[in-house]
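# Structural characterization, general
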Amino acid sequence: MPDISPLKAATDALAYGRRIQSGQIRAISENIANADSVPADPSGTPYTRKIAVFQPVDVDKAREPVGRIVRDSGDFRRRYDPSNAAADRQGYVRLPNVNVALESADLQRVIRNYELNLSAEASIDAVSRATLNLLG
């Protein structure tokens, strides 16, 4: 019987990658959804951009990826809108520090990586099946 542990390790690595990419997709989607939200009053804090951060995974130790969400410390955007209830004395409203164009580009990149990940796993499955068919 052939040693399939390298194929198992590759499949596990791809599964870990999909979990990480799913976390990134969730964070980016939340950022895009809240990009134009404003606080209820001038003293309120706008939504702060979230970034999904994951520790490197050692596939040989077979553990789940450990992730956390960190808040972007970048400056909030400001828009002049004196009629808004959240406007300060000068008439500016603080908006989230989310750049929708950059978030959309990041989302496309992560989704593309997720799809490539699925394709790689399908290739590994096909190789495994072909190997078993040759042996059987």
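Now for a quick tour of the structure. Within each chain, residue numbers correspond to sequence positions counted from 1 in written order. Selection of residues for local features in this predicted model requires a pLDDT of at least 70, selection of side-chain atom pairs for listing and counting requires 80 or more, and totals for whole chains, interfaces and linings are taken over all residues. Here the side-chain values reflect all heavy atoms present in the structure, with hydrogen atoms and water set aside.

Of regular secondary structure, the protein possesses 2 helices and 4 strands. Radius of gyration: over C-alpha atoms. The globule rule applied is 2.2 Å multiplied by the number of residues raised to the 0.38 power. The C-alpha atoms of the protein give 22 Å as radius of gyration, which overshoots the globular expectation for 136 residues (14 Å, by more than 25%). In terms of overall dimensions, the protein has C-alpha extents of about 80 × 25 × 20 Å along its principal axes. Each residue gets one of three labels from its accessible area relative to the maximum for its type: buried under 20%, exposed over 50%, partly exposed in between, using a 1.4 Å probe on protein chains only. Counting the 136 residues in the protein, one finds 28% classified as buried. Partitioning the intrachain contacts of the protein with sequence separation of at least 6 by distance along the chain shows that 60% fall at a separation of at least 24. Residues scored as charged are limited to Lys and Arg (positive) and Asp and Glu (negative), so that His and the chain ends carry no count. Taken as the charge centre is NZ of Lys, CZ of Arg, CG of Asp or CD of Glu, depending on the residue. Computed over 18 positive and 17 negative side-chain charges, the inter-centroid distance for the protein is 3 Å. Secondary structure elements follow DSSP: runs of H or I no shorter than four residues count as helices, runs of E no shorter than two count as strands, and numbering proceeds from the N terminus. It only takes one pair of heavy atoms within 4.5 Å for two residues to be counted as in contact.

Another aspect to go through is the side chain of Lys50. One can find Lys50 in strand β1 (residues 50–54). For Lys50, the residues in contact, after removing those within four places along its chain, are Ala27, Glu30, Asn31, Ile69, Val70 and Arg71.

What follows is about the packing of helix α1 (residues 5–33) against helix α2 (residues 100–135). Where α1 contacts α2, the axes come no closer than 9 Å and their chain directions differ by 160 degrees. For the element pair α1 / α2, the angle class is roughly antiparallel. For α1 against α2, the interelement crossing comes out left-handed. Considering only residue class, the contact of α1 with α2 consists of 13 nonpolar, 11 polar and 4 charged. Only the contacting stretch of a helix is used when fitting its axis, a line to C-alpha atoms as for every element, and angles between N-to-C directions run 0 to 180 degrees. Geometric relationships in this document are graded by angle, where less than 35 degrees denotes roughly parallel, more than 145 denotes roughly antiparallel, 65 to 115 denotes roughly perpendicular, and other angles denote oblique. For any helix crossing, the convention is left-handed if the near helix is rotated counterclockwise from the far helix by under a right angle, and right-handed if that rotation is clockwise. Under the grouping applied here, Gly and all other residues not named as nonpolar or charged are polar, the nonpolar ones being Ala, Val, Leu, Ile, Met, Phe, Trp, Tyr, Cys and Pro and the charged ones Asp, Glu, Lys and Arg.

With that out of the way, let us pick up the pattern of salt bridges. A carboxyl oxygen of Asp or Glu within 4 Å of a side-chain nitrogen of Lys or Arg is what we treat as a salt bridge. Counted according to the given criterion, the structure contains 7 salt bridges. Counted as one network, the salt bridges with shared partners bring together Arg49, Asp72 and Glu103.

Here Arg18 lies in helix α1. Apart from residues no more than four positions distant in its own chain, Arg18 is found in contact with Tyr114, Asn117, Leu118 and Glu121. Nitrogen and oxygen atoms within 3.5 Å of one another constitute a polar contact, given that in protein one can donate a hydrogen and the other can accept it, and given that sequence-neighbouring residues count only through two side-chain atoms. A polar atom in the side chain of Arg18 sits 3.1 Å from the side chain of Asn117.

Take the packing of aromatic side chains next. Within a pair of aromatic rings, the relevant descriptors are the distance that separates the centres and the angle that separates the planes. Ring geometry is summarised as follows: Phe, Tyr and Trp rings, the Trp one being its six-membered ring, pair when their centres sit within 6.5 Å, and such pairs are stacked at plane angles under 30 degrees, edge-to-face over 60 and tilted between the two. Scanning the model with the defined rule gives 1 aromatic pair in all. When the ring of Tyr80 is compared with that of Tyr92, the centres are 5.3 Å apart and the planes differ by 65 degrees; the resulting orientation is edge-to-face. In this pair, Tyr80 sits in strand β3 (residues 77–80) while Tyr92 sits in strand β4 (residues 92–95), placing the two residues 12 residues apart along the sequence. Only when the NZ atom of a Lys or the CZ atom of an Arg is both within 6 Å of the ring centre and within 35 degrees of the ring normal do we say a charge sits over the ring. The ring centre of Tyr92 lies 4.2 Å from the NZ or CZ of Arg78, which sits over that ring.

Here we come to the environment of Ser29. Looking at where Ser29 falls in the secondary structure, it is placed in helix α1. Assessed through its relative accessible area of 34%, Ser29 is described here as partly exposed. Ser29 sits 104 residues away from Asn133 along the chain, and the two C-alpha atoms are 43 Å apart.

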